[in-house]
Amino acid sequence: MTLNVSAYGPIVSTGLDSGQRAFPYLTALVLVPAGAALLVLLLPRARVAVVRAVGFAACTGVLGIAAAVLDEFRSGYGGYQMMSEHPWVGAFGFSWTLGVDGISLFLVLMTAVLFPVALASGMQRRDPKSFTFWVLLLESACLGSFLSVDLLLFFLFFEATLVPVYMLVAGWGHERRGYAAAKFFVYTFAASAFMLVGILALVFIHQSQTGVTTFDIRQLANTRLSGPANVLLFCAFTAALAVKAPVFPFHTWSPDAYSEAPAAGSVLLAGVMAKLGTYGIIRFDLGLFPHAVVELAPVLLTLGVIGIIYGGIVAAVQKDLKRLVAFSSLAHIGFIVVGLFALTGESLSGAVIQMVNHGLYTAALFILIAMIYERLGTFQLPKLRGLQHSAPVMAGVFTLVMLASIGVPGLNGFVGEFLILSGAFLTHRWWAVVATGGVVVAAVYLLWAYQQAFHGRPLPAAVSGGSDGPIGTGSADPGPPTGGAKAAPFREMTWREGLVLAPLVVLIVLLGVYPRPVLERITPTVNQLVLHAESAAHARIPALGRPGLTSYLHVAGAARTQGAER
Amino acid sequence: MIGLESLRGLQGALLGAGGIVLPHIDYTAILPELILLGGMLLLLVVAALSPRRLATEFYATATVGIGIASLVASLVLWKDVVSHGPFTAVAKSLDIDGFAVLFLVLVSCVLIVAPMLAVGYLRREGIEGCEYYVLALISGSGAMFMASANDLVLVFLALEVLSLPLYVLAGFDRRRAASSEAAIKYFVLGAFSSAIFVYGIALTYGATGSTNLGQIAAFLARNVLTSNGVLLGGVALLLCGFAFKIAAVPFHMWSPDVYQGAPTPATGFMAALAKAGGFAALLRVFVTSFPTLRSSWQPVIWVVAILTLVLGASFAVVQRDIKRMLAYSSINHAGFILLGLQAATAQGVAASLYYLFIYAFLVLGSFAVVTLVAGRGDDQHDLSRYRGLARRQPVLAGSFTVLLIAQAGAPFTTGFFSKLYVLQAAVAAHSYALAAVAMGSAAIATFFYLRVVFLMYSGSAPVEAGVSPELVEPGAASLAAPALAMAAPSGQALASGLVAAGGAGVEPAWAKRSGGGSGASGEGDGAEPPGEATTGVPETPLSSSPWTVAGLGICVGATVLFGIWPEPIIEFARLATTIF
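Anyway, here's the lowdown on the structure attached to this text. (Residues numbered from 1 in each chain as written. Chains lettered and ligands numbered in written order. Predicted model: local features only at pLDDT ≥ 70, side-chain atom pairs only at ≥ 80, totals over all residues. Heavy atoms only, no water.)

## Digging into the overall build of chain A
Point 1. Of regular secondary structure, chain A possesses 23 helices and two strands.
Point 2. Counting across all 566 residues of chain A, residues that qualify as buried make up 67%.
Point 3. Contacts in chain A between residues far apart in sequence, at least 24 positions, make up 79% of those at least 6 positions apart.
Point 4. Entry remark: accessible area of chain A is about 17,800 Å², with carbon and sulfur atoms responsible for 67%. (Helix = DSSP H or I, 4+ residues; strand = E, 2+ residues; numbered from the N terminus. Buried < 20%, exposed > 50% of the residue type's maximum accessible area, 1.4 Å probe, protein only. Contact = heavy atoms within 4.5 Å. Areas by Shrake-Rupley, 256 points an atom, 1.4 Å probe, with all protein chains shown as cover.)

Written out as structure tokens, the structure is:
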């Protein structure tokens with residue numbers, strides 16, 4: 001196992017080469033869920049318990065491996081670590097190259113945490129065998145995407161996520177699931193078509209310059225691109241990534257997909273899959289086309305800010321709780337985009353940590369909403385009232401998660417948003433100012449929704465079980481076993497449900513109170529990225545027209561130490 | 001006296017220096033073809049002389065044996081070509097190079113797998129006898145000659161040898177009117193296209209003074225034609241003839257009807273073989289003979305490729321008959337293979353070869369599954385028959401899933417690398433827009449492949465009210481897409497058009513369904529007996545014939561194995577192109 005060092009720019013050798021061949025953690029991360037999926041496929045359909053056990057064992061195993069990766073990870077070092085490199089198709093220059101750095105580390109961990117949670121939250125559904133199979137395949141593909149250092153390998157995994165998600169949404173979703181799944185699929189697949197062409201074009205340009213056919217992003221980062229080529233390739237990549245994220249004008253598939261997907265599907269779509277898009281932006285757009293990023297940053301920043309405000313306003317008028325969270329997700333992705341394109345070390349660190357945070361609290365919100373749906377069979381806010389009378393614990397957890405989502409200090413949402421906004425304020429003041437308004441809007445729609453659903457006098461139907469009330473629809477719904485909910489009041493959270501949510505709640509608080517270990521590991525990579533972007537952009541436009549990014553780095557660094565000591 | 005004189009003159013004319021000289025025939029160079037034809041004759045003789053009817057399994061075994069023998073002969077030839085370089089044979093009318101040998105190997109493989117997949121069908125339908133295998137062998141030899149032909153006249157002869165048995169195979173199931181109809185359609189249109197092709201040969205000969213591909217190329221390299229209208233006309237007509245064989249838009253009209261009507265195993269065979277043969281000759285003729293005219297034919301191929309890609313994928317979406325859907329999907333595949341030709345580079349040709357190789361297995365396997373699902377009588381091809389297939393026949397459904405997602409280009413199957421390879425070639429030739437359109441069409445294609453997969457895995461248990469609404473055809477949307485494509489030449493606009501159409505168009509269809517459902521043709525009927533899609537003929541279980549299991553196993557195994565480990569075939573295709 002060699003700790004290969006070059007992240008961006010020329011290959012630098014440091015003393016990190018450990019020499020001995022260690023356990024191939026990253027390959028195991030990708031292959032364990034895939035192997036378990038195949039195992040599940042071979043199990044008889046009737047053995048539900050065995051299927052579940054295998055699924056959980058695999059997910060937990062992955063979490064264990066991810067924890068080991070965290071333990072092995074050297075902080076204070078910016079490049080890829082724990083590389084595993086194996087040539088695959090020599091003719092294409094395609095290789096199985098996996099590596100983890102500060103940017104991908106926590107996304108991998110988040111993925112490893114969210115999959116067991118999603119699996120647990122979706123377990124009572126019909127046909128657990130197929131469900132487990134697709135979830136495990138999806139986990140393999142998501143982890144593969146985050147860990148790929150080979151551009152084609154990334155694309156392979158990126159595309160491989162589509163089929164499991166299509167199957168999950170179309171197979172286990174709500175009423176309009178077929179439409180939502182098809183829309184999701186067509187949108188994202190069509191958009192990624194541009195990315196594949198972009199990848200091939202970039203590799204071709206690199207090959208014509210160096211004579212080497214490779215998809216390795218460490219080498220491709222050194223490609224010299226003309227101005228128009230840079231911008232076009234940036235657009236080709238960003239088209240795919242922005243649809244996946246989704247960034248404002250490309251978001252129209254997401255409310256449908258998020259709200260029609262089953263709970264586990266929403267958790268994975270919003271929590272993990274959306275991050276594939278933003279991760280791709282930071283990894284590929286910033287790493288490969290820094291020149292275009294600097295040039296087009298105002299456009300993307302504007303889209304991000306529009307997303308924040310638009311998402312917030314549309315969320316505020318939603319009557320459907322799940323669509324509300326879907327639109328709030330659009331706003332949060334907007335924050336991440338602002339952080340990415342503000343191009344300061346601080347805002348980038350904030351964006352990375354915000355990706356993780358958003359995954360955690362959005363997942364928790366979707367699971368909570370699914371619990372409400374299981375009891376009452378509706379997502380409609382007007383049909384919910386006074387839930388906290390009969391379910392105070394659930395109301396409490398909901399409040400905590402909601403406050404994290406709003407960005408209240410002390411919870412994880414604050415850390416990311418603060419870093420993003422303060423970082424963006426340095427370079428793009430007015431965008432940051434408008435974006436800050438989004439925080440207020442977030443408070444408006446979430447508190448509003450909370451008030452409607454949890455405060456007030458409980459609806460008579462919810463207590464007595466009226467014939468035409470939400471209970472009626474709930475019992476008509478064939479999916480969740482509503483059981484004795486008809487006569488009983490709104491049920492409190494069970495132990496099992498609490499156990500599903502517990503890891504998320506713990507992490508939300510932990511990351512809010514003590515984000516320093518996370519930031520310590522993210523920052524070196526981010527700084528290296530900023531330096532690379534800076535030098536690459538400078539190399540092409542000597543007069544950058546505004547102060548270099550490094551000058552901000554010092555400010556950002558100072559601000560970060562303050563932030564960390566806060 | 002005079003009579004003797006003239007007789008001697010005739011003799012002199014026949015044997016003398018200026019008369020017909022029988023060329024030296026290098027039999028080793030045509031050994032694979034000879035094995036096929038000899039084996040075919042042997043089969044016929046055995047069938048005629050045997051006192052009682054021999055079982056279809058006997059003929060299948062013999063055909064597989066012949067296929068394996070020709071595969072071995074082809075591989076020996078491959079070794080020869082690799083060590084000694086390409087050579088021409090039989091008075092330069094055959095060019096034995098890596099390119100040709102790759103097709104010899106491919107055709108041999110098809111002839112090994114296709115009989116295995118036909119046995120179950122022939123037994124089920126009670127069509128005993130050796131005819132199917134004999135026709136397949138003749139057709140295979142035609143495809144082989146087509147790949148190695150170095151003379152336009154031989155290309156034409158090989159084309160006919162390839163096609164005539166296919167016309168018969170299309171009408172092989174005499175009891176079904178659809179089968180005869182398909183045969184007539186195929187024959188009439190095929191004969192028409194052959195006539196066009198011959199006219200193309202004549203014009204080319206008129207312009208260049210030769211029908212030999214090498215000599216045509218040499219002539220064009222040496223001479224600058226001041227007015228090359230005749231030559232261009234000839235090239236255009238040749239292209240028409242080829243485009244018919246490979247079912248490229250706008251010469252694709254026959255293919256859905258023929259695919260639908262022909263007996264299903266014959267359809268698979270036809271799709272694999274006719275496409276391979278057609279593309280073999282097309283690639284060779286255009287890349288070796290007319291490289292100097294590249295600037296003239298490349299834009300035409302560009303347009304044809306775009307039309308083929310987009311129309312193939314779009315029309316497939318609205319099909320309810322699985323065979324028609326696969327027919328349109330094969331048109332889409334033809335568009336992808338055309339990308340390699342359009343690039344007109346060694347990489348492009350290698351990519352096309354690789355694609356053809358991979359595609360043969362995919363299409364043979366897919367039609368084998370369709371054969372089984374259709375059940376006795378071979379006319380149950382509605383998509384609704386696939387509902388809940390996974391419940392009834394998990395292995396069959398799993399195999400079909402692999403084959404379909406491979407056709408869609410899913411990662412970790414052969415389909416991904418084949419698409420990647422042609423796209424890489426297109427990008428390297430700076431055809432960015434074409435590459436983007438191709439990927440856009442792949443997106444549409446993936447949608448209809450996945451629809452079938454989803455149908456198979458949607459449980460036979462009633463699934464709430466909105467039974468897989470994605471089955472409701474977003475026809476309007478998809479038909480709007482090509483219109484947009486034609487209006488906007490740039491790939492960017494096309495794909496955004498697709499997105500818009502995909503997003504906006506599906507909604508009305510859904511709304512229509514939830515409103516009344518009457519507009520959704522047929523889906524309502526399919527959904528009515530939930531789980532009991534097998535109302536009429538029961539589908540044939542996979543286990544009914546070990547032959548089918550073996551054949552399908554080869555197809556699926558190759559798809560997965562070479563999807564994860566694509567190196568050997570890619571290297572094969574690359575080498576085949578370098579020894580050109």
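## Here's the deal with the overall build of chain B
Point 1. A tally of helices and strands in chain B yields 23 helices and two strands.
Point 2. Taken across its 580 residues, chain B has 62% of its residues classed as buried.
Point 3. For chain B, restricting intrachain contacts to residue pairs at least 6 apart in sequence, the fraction spanning at least 24 positions comes to 82%.
Point 4. A total of about 20,000 Å² of accessible surface is found on chain B, and carbon and sulfur atoms cover 69% of it.

## A word on the side chain of A:Asp150
Residues and elements named next belong to chain A.
Point 1. On the secondary structure map, aspartate 150 appears in the loop between α4 (128-147) and α5 (151-160).
Point 2. Arginine 218 provides the closest opposite charge to the buried, salt-bridge-free aspartate 150, at an N-O distance of 8.0 Å.
Point 3. Beyond its immediate sequence surroundings of up to four residues, aspartate 150 is in contact with Gly93, Phe94, Ser95, Thr97, Phe215 and Asp216. (Lys, Arg positive; Asp, Glu negative; His and termini not counted. Salt bridge = Lys/Arg side-chain N within 4 Å of Asp/Glu carboxyl O.)

## So, helix α23 (residues 567-578) of chain B
Point 1. For α23(B), which comprises twelve residues, the first-to-last C-alpha distance of 16 Å matches the rise-based estimate of 16 Å (1.5 Å per residue) to within 8%.
Point 2. B:Ile569, B:Ile570, B:Phe572, B:Ala573, B:Ala576 and B:Thr577 are the residues of α23(B) that are buried. In a view along the axis of α23(B), the buried residues occupy a sector of 155°, so they form one face of it.
Point 3. For α23(B), the secondary structure elements touched by its buried residues are β1 (81-89) of chain A together with α3 (56-84), α4 (98-125), α14 (346-374), α17 (414-428) and α22 (546-564) of chain B. (Expected span 1.5 Å × (residues − 1). Arc of directions from axis to C-beta.)

## Here's the deal with the packing of aromatic side chains
Point 1. Considering all chains together, one arrives at 52 aromatic pairs over all chains under this definition.
Point 2. Considering the side-chain rings of B:Trp254 and B:Tyr259, the 6.4 Å spacing of their centres and the 65° angle between planes classify their relative orientation as edge-to-face. The residues B:Trp254 and B:Tyr259 share a single accessibility class, namely buried.
Point 3. The structure contains a cluster of three or more aromatic residues connected by ring pairs, namely A:Trp88, A:Phe94, A:Trp96, A:Phe157, B:Phe412, B:Phe416 and B:Phe417.
Point 4. Directly above the aromatic system of A:Phe158 lies the positively charged group of A:Lys244, at a separation of 4.3 Å from the ring centroid. (Phe/Tyr/Trp six-rings, centres within 6.5 Å; stacked < 30°, edge-to-face > 60°. Lys NZ or Arg CZ within 6 Å of the ring centre and 35° of its normal.)

## A few points about the interface of chain A and chain B
Point 1. On the chain B side, the residues contacting the 41 residues of chain A number 45 residues.
Point 2. Carbon and sulfur atoms supply 78% of the area that chain A and chain B bury against each other, a total of about 4,100 Å² over both sides.
Point 3. Viewed at the interface, chain B and chain A are joined by zero salt bridges.
Point 4. Viewed at the interface, chain B and chain A are joined by one residue pair in polar contact (both at pLDDT 80 or more).
Point 5. Of all the elements in the fold, those that place two or more residues in the side of chain A that touches chain B are β1, α5, α6 (162-172) and α7 (177-210) of chain A.
Point 6. Of the residues in the side of chain A that touches chain B, the class split is 30 nonpolar, four polar and seven charged. (Buried area = accessible area lost by both parts, 1.4 Å probe. Polar contact = N/O pair within 3.5 Å; in protein donor to acceptor, adjacent residues only side chain to side chain. Nonpolar A, V, L, I, M, F, W, Y, C, P; charged D, E, K, R; others polar.)

## What to know about the pairing of β1(A)
Point 1. As paired elements, β1(A) and strand β2 (residues 94-100) of chain A share six bridges and run antiparallel to each other. When the sheet's bridge partners are listed, A:Pro87 is paired in β2(A) with A:Ser95. (Pairing = 2+ DSSP bridges.)

## A few points about the pattern of salt bridges
Point 1. One pass over the structure, following the stated rule, counts 21 salt bridges over all chains.
Point 2. Among the salt bridges present, the one from B:Arg124 reaches B:Glu125, with a minimum N-O distance of 3.0 Å.
Point 3. With relative accessibility at 6%, the residue B:Glu125 sits in the buried group.
Point 4. A single network of salt bridges, built from pairs that share partners, joins A:Arg176, A:Lys183, A:Asp256 and A:Arg323.

## With respect to helix α13 (residues 322-343) of chain B
Residues and elements named next belong to chain B.
Point 1. Over its 22 residues, α13 extends 32 Å from the first C-alpha to the last, a length consistent with the 32 Å expected when each residue adds 1.5 Å.
Point 2. Within α13, 22 of the 22 residues are buried, which leaves the element mostly enclosed by the surrounding structure.
Point 3. At the N-terminal end of α13, a side-chain oxygen is found 2.8 Å from the backbone nitrogen of lysine 323, two or three residues along, and the residue is aspartate 321.
Point 4. One or two residues past the end of α13 sits alanine 344, with phi positive at roughly 55°.

## Some thoughts on the packing of helix α11 (residues 264-289) of chain B against α13(B)
Residue and element names in this part refer to chain B.
Point 1. Here α11 crosses α13 at 20°, and the two axes come no closer than 12 Å. By the criterion of interaxial angle, the relationship of α11 to α13 is roughly parallel. Taken as a pair, α11 and α13 cross one another with a handedness that is right-handed. Each of Thr264, Thr267, Lys275, Phe279, Leu282, Leu283, Phe286 and Val287 in α11 lies in contact with α13, whose residues at this interface are Lys323, Ser330, Ile331, Ala334, Ile337, Leu338 and Leu341.
Point 2. The residue makeup of the contact of α11 with α13, split by class, is ten nonpolar, three polar and two charged. (Axes fitted to C-alpha atoms, helices over the stretch in contact; angles between N-to-C directions. Parallel < 35°, antiparallel > 145°, perpendicular 65-115°, else oblique. Left-handed = near helix turned anticlockwise from the far one by under 90°.)

Function-wise, these values are silent; they only describe arrangement.
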